[in-house]
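Residues per chain are reported as follows:
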Amino acid sequence: MQDAAPLQLHTVEVDQPLAAANRLLAGLHLALAAAAIAHRARRPQHLTLAAADLALLFLWLLSQAPMLRPVSRAAFPGRLSRPALPAVDVMVVTADPDKEPAVKVMNTVLSAMALDYPGARLAVYLSDDAGSPLTLLAARKAYAFATAWVPFCRKYRVQCPCPDKFFSGNDDDQIGGGDHREYDELADDRIRVKNMYDRFKEDVEEAMNDGALSQIWTKAARQDHDAHVEIIADEPGGSNGDSGGFDDEDAMPLLVYVSREKRPAWPHHFKAGALNALLRVSSLVSNAPYVLVLDCDMYCNTRSSILEAMCFHLDSRGRHADDLAFVQFPQMFHNLSGSDIYANELRSIFSTRWKGLDGLRGPILSGTGFCVKRDAVYGAQPASSQDQFSSMEVGELKARFGHSNGHVASLRRSWSTIARDVLPEDATFLASCAYETGTKWGEEASSETRIHSRSIMPLPSIHGHVT
Ligand SMILES: O=c1ccn([C@@H]2O[C@H](COP(=O)(O)OP(=O)(O)O[C@H]3O[C@H](CO)[C@@H](O)[C@H](O)[C@H]3O)[C@@H](O)[C@H]2O)c(=O)[nH]1
Ligand SMILES: [Mn+2]
């Protein structure tokens, strides 16, 4: 018997009225500008002005492509086969606990841990460029709270996985498709988990004001510290939850704290450097084929974010299947001034231009809120993925990716192996300043690499900024 055709996981439609309006406006602009230039060109004393107008018209023409074919997309996460979902590593980067308060950063971490995804296939990595003991402490406390928050979100199908947002909102808007008979139980559970969240917040805020912590962690130490990698567990030295096998839906997602080595004499390449270190460290631990990147002040505002991204990555129909490198979520911002006179909301980017680019070859990587194929970041050609590295000599792989045997093995092994609770020896070596020296990191493999594949932008408002 023939297999049934794969289900359609997403649709894409050209926004015809918007496209027609944009084209009409572009035609009008072009006609008027051409008339003005022709008028000036007829007068010798206006020739310089005509040349200037021509240059401006050329620049305007270059900016028109994203206006001509805006598209809208819809994803159908309910059609995904959950047992077949690939592993995903979420990477959250933070750099300064004074400017990026630990409670907010942990809300981002918690929102990622509570995403609707099989727990055993989800790992969250927190990069702390300041190497702050406060952030590490907050991460441990966040993990302890997550052991209540994550099951709560799963049980009641909470829509927004960010606890701060959830507890400040209205339950009716926040609980998705739940059984109303559960409401009494929900009310009790909500109070219990809310109390835990309040305690967690108080503890972290108390630590933020703790003079002893700021004494051991000076300004100089932020730029000059060893690498520290820690798999956060329930209790010091304990194992990180009982995953009970690769396919376990109910396992706790992994939480890994990474503070890469910093030395004043070594350029650290800011966020890109932090992401490169996370890519390497995560390759030893969970090595997921897909990576979701979040700035520390962003949270996922719906639990289905990764599932929605997977509707594009895994759709085997059409041309997306192999050559799609990343899915870029639009951003939404909170706490803006009423009139937003400085356009911080970036509406022209996320609501207009990225939609138009999506109708061409895809939007530009926006630095955060994107779900990318790990292979694409490593510089593998589309569709070749694992085979490409398996057939390469070890020496060649080391010249390109550095001298960690564990990392080189991760490039060649099947994606399905997850060593969840043991920190491999190489981890701190991979997070050291000198690791990239003499390798192709930053050229052919890195978060700064140009990715030679398509991208798409799915639904509006998947992620929000908390500022
Ligand atoms: O040395 C550094 C510097 C920054 N960061 C982190 O990188 C993120 C972005 O840095 P930030 O200073 O907040 O940059 P913004 O100007 O706010 O962010 C804009 O520029 C970034 C470019 O990387 C994009 O990711 C964002 O989407 C875009 O809003 C934050 O989580 C930082 O904690 C590090 O991890 N290490
Ligand atoms: Mn920012």
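- As recorded by UniProt, the Subcellular location (unreviewed entry) comment attached to the chain reads in full: "Endomembrane system".

1. Brief notes about the overall build of the chain
Item 1. A count of helices and strands for the chain gives 19 helices and 13 strands.
Item 2. The 467 residues of the chain split such that 48% are buried.
Item 3. A sequence separation of at least 24 residues applies to 82% of the contacts in the chain between residues at least 6 apart.
Item 4. Carbon together with sulfur atoms contributes 56% to the accessible area of the chain, which is approximately 21700 Å² in total.

2. Concerning the site of ligand 1
Item 1. Neighbouring residues of ligand 1: 14 residues in total, closest Val-93, Glu-100, Asp-129, Lys-271 and Thr-368.
Item 2. In this structure, Cys-296 approaches ligand 1 through a main-chain N or O atom, which is 3.1 Å from an oxygen atom.
Item 3. Elements that contribute at least two residues to the shell around ligand 1 include exactly strand E3 (88-94) and helix H11 (270-285).
Item 4. In terms of residue class, the shell around ligand 1 is built from 4 nonpolar, 6 polar and 4 charged.

3. Re H11
Item 1. For H11, with 16 residues, the first-to-last C-alpha span of 23 Å sits near the 22 Å given by 1.5 Å per residue.
Item 2. Most of H11 is tucked away: 14 of the 16 residues are buried.
Item 3. Directly after H11, the chain includes Asn-287, whose backbone phi takes a positive value near 50°.

4. Digging into the pattern of salt bridges
Item 1. One pass over the structure, following the stated rule, counts 22 salt bridges.
Item 2. A salt bridge links Asp-358 to Arg-73; the nearest nitrogen and oxygen atoms lie 2.8 Å apart. Separated by 285 residues along the polypeptide, Asp-358 in helix H14 (residues 347-358) and Arg-73 in strand E2 (residues 71-75) bring together distant segments of the chain.
Item 3. Of the charged contacts in the structure, one is a salt bridge between Lys-155 and Glu-185, with a shortest N-O distance of 2.4 Å. Placement of the pair is Lys-155 in helix H5 (residues 133-155) and Glu-185 in helix H8 (residues 183-208), with a sequence separation of 30 residues.
Item 4. A relative accessible area of 37% means that Lys-155 is categorised as partly exposed.
Item 5. Connected via shared salt-bridge partners are Asp-96, Asp-98, Lys-219 and Arg-222.

5. Concerning the pairing of strand E6 (residues 254-259)
Item 1. The buried count for E6 comes to 6 of 6 residues, which makes it a mostly enclosed element.
Item 2. Burial along E6 is two-sided: the residues Leu-254, Val-256 and Val-258 and Leu-255, Tyr-257 and Ser-259 are all buried.
Item 3. Examined bridge by bridge, strand E4 (residues 122-128) and E6 share 5 bridges and lie parallel to one another. When the bridges of E6 are listed, Ser-127 appears paired with Val-258.
Item 4. Where strand E5 (residues 228-231) meets E6, 4 bridges bridge the pair, whose relative direction is antiparallel. When the bridges of E6 are listed, His-228 appears paired with Ser-259.

6. Some thoughts on the UniProt feature "binding site: Mn(2+)" (unreviewed entry) in the chain
Item 1. UniProt's entry tags Lys-271 and Asp-295 with the feature "binding site: Mn(2+)" (unreviewed entry), counted in the numbering of this structure. A maximum C-alpha distance of 9.1 Å among these annotated residues, which run over 25 residues, shows that they cluster at one spot.
Item 2. As for its position among the elements, Lys-271 is in helix H11.
Item 3. Accessibility expressed as a relative area gives 28% for Lys-271, which makes it partly exposed.
Item 4. Once residues within four sequence positions are removed from consideration, Lys-271 is found in contact with Val-93, Asp-295, Gly-367 and Thr-368.
Item 5. One can find Asp-295 in strand E7 (residues 290-295).

7. Remarks on the UniProt feature "binding site: UDP-alpha-D-glucose" (unreviewed entry) in the chain
Item 1. When the UniProt feature table is mapped onto this chain, "binding site: UDP-alpha-D-glucose" (unreviewed entry) is found at Lys-99, Glu-100 and Asp-129. In three dimensions, the annotated residues from a span of 31 residues occupy one location, with a maximal C-alpha spread of 12.8 Å.
Item 2. Structurally, the position occupied by Lys-99 is in the loop between E3 and helix H4 (102-113).
Item 3. Inspection of the secondary structure assignment puts Glu-100 in the loop between E3 and H4.
Item 4. On the basis of relative accessible area, Glu-100 is assigned to the partly exposed category, the value being 25%.
Item 5. Excluding anything up to four places from it in sequence, Glu-100 contacts Thr-94, Ala-95, Val-105 and Cys-296.

8. What to know about unusual backbone geometry
Both trends apply: most residues other than glycine have a negative phi, and most peptide bonds are in trans.
Item 1. Backbone geometry at His-269 places phi at a positive 60°, although glycine is not the residue there.
Item 2. Along the polypeptide, His-269 turns up in the loop between E6 and H11.
Item 3. Residue classification places His-269 among the partly exposed positions, given a relative accessible area of 41%.
Item 4. In this structure, Asn-287 is a non-glycine residue whose phi angle is positive, near 50°.
Item 5. Structurally, Asn-287 can be placed in the loop between H11 and E7.
Item 6. Under the relative-accessibility criterion, Asn-287 is labelled buried at 0%.

9. Structural notes on the packing of helix H17 (residues 394-401) against helix H18 (residues 405-412)
Item 1. Following both chains from N to C, one finds H17 and H18 inclined at 110°, their axes separated by 10 Å at the closest point. It follows from the interaxial angle that H17 and H18 lie roughly perpendicular. Regarding H17 and H18, the two cross each other, and that crossing is right-handed. Packed against H17, whose contacting residues are Val-394, Leu-397, Lys-398 and Phe-401, the element H18 presents Asn-405, His-407, Val-408, Leu-411 and Arg-412 at the interface.

10. A few points about a nonpolar patch on the surface
Item 1. A cluster of nonpolar side chains, namely Leu-56, Phe-58, Leu-59 and Leu-62, defines an oily patch on the protein surface of about 450 Å² accessible area.
Item 2. Note on placement: Leu-56 falls in helix H2 (residues 47-62).

11. Thoughts on the environment of Gln-381
Item 1. Here Gln-381 shows up in the loop between helix H15 (374-378) and helix H16 (385-390).
Item 2. The partly exposed category is assigned to Gln-381, whose relative accessible area is 46%.
Item 3. Expressed as a C-alpha distance, the spacing of Gln-381 and Asp-322, which sit 59 residues apart in the sequence, is 9.8 Å.

Rules and cut-offs
Residues numbered from 1 in each chain as written. Chains lettered and ligands numbered in written order. Predicted model: local features only at pLDDT ≥ 70, side-chain atom pairs only at ≥ 80, totals over all residues. Heavy atoms only, no water. UniProt positions renumbered as here; feature names shortened; annotations may be inferred. Helix = DSSP H or I, 4+ residues; strand = E, 2+ residues; numbered from the N terminus. Buried < 20%, exposed > 50% of the residue type's maximum accessible area, 1.4 Å probe, protein only. Contact = heavy atoms within 4.5 Å. Areas by Shrake-Rupley, 256 points an atom, 1.4 Å probe, with all protein chains shown as cover. Near = heavy atom within 4 Å. Polar contact = N/O pair within 3.5 Å; in protein donor to acceptor, adjacent residues only side chain to side chain. Nonpolar A, V, L, I, M, F, W, Y, C, P; charged D, E, K, R; others polar. Expected span 1.5 Å × (residues − 1). Salt bridge = Lys/Arg side-chain N within 4 Å of Asp/Glu carboxyl O. Pairing = 2+ DSSP bridges. Axes fitted to C-alpha atoms, helices over the stretch in contact; angles between N-to-C directions. Parallel < 35°, antiparallel > 145°, perpendicular 65-115°, else oblique. Left-handed = near helix turned anticlockwise from the far one by under 90°. Patch = residues over 30% accessible without salt bridge, like charges linked within 9 Å, V, L, I, M, F, W, Y side chains within 5 Å.

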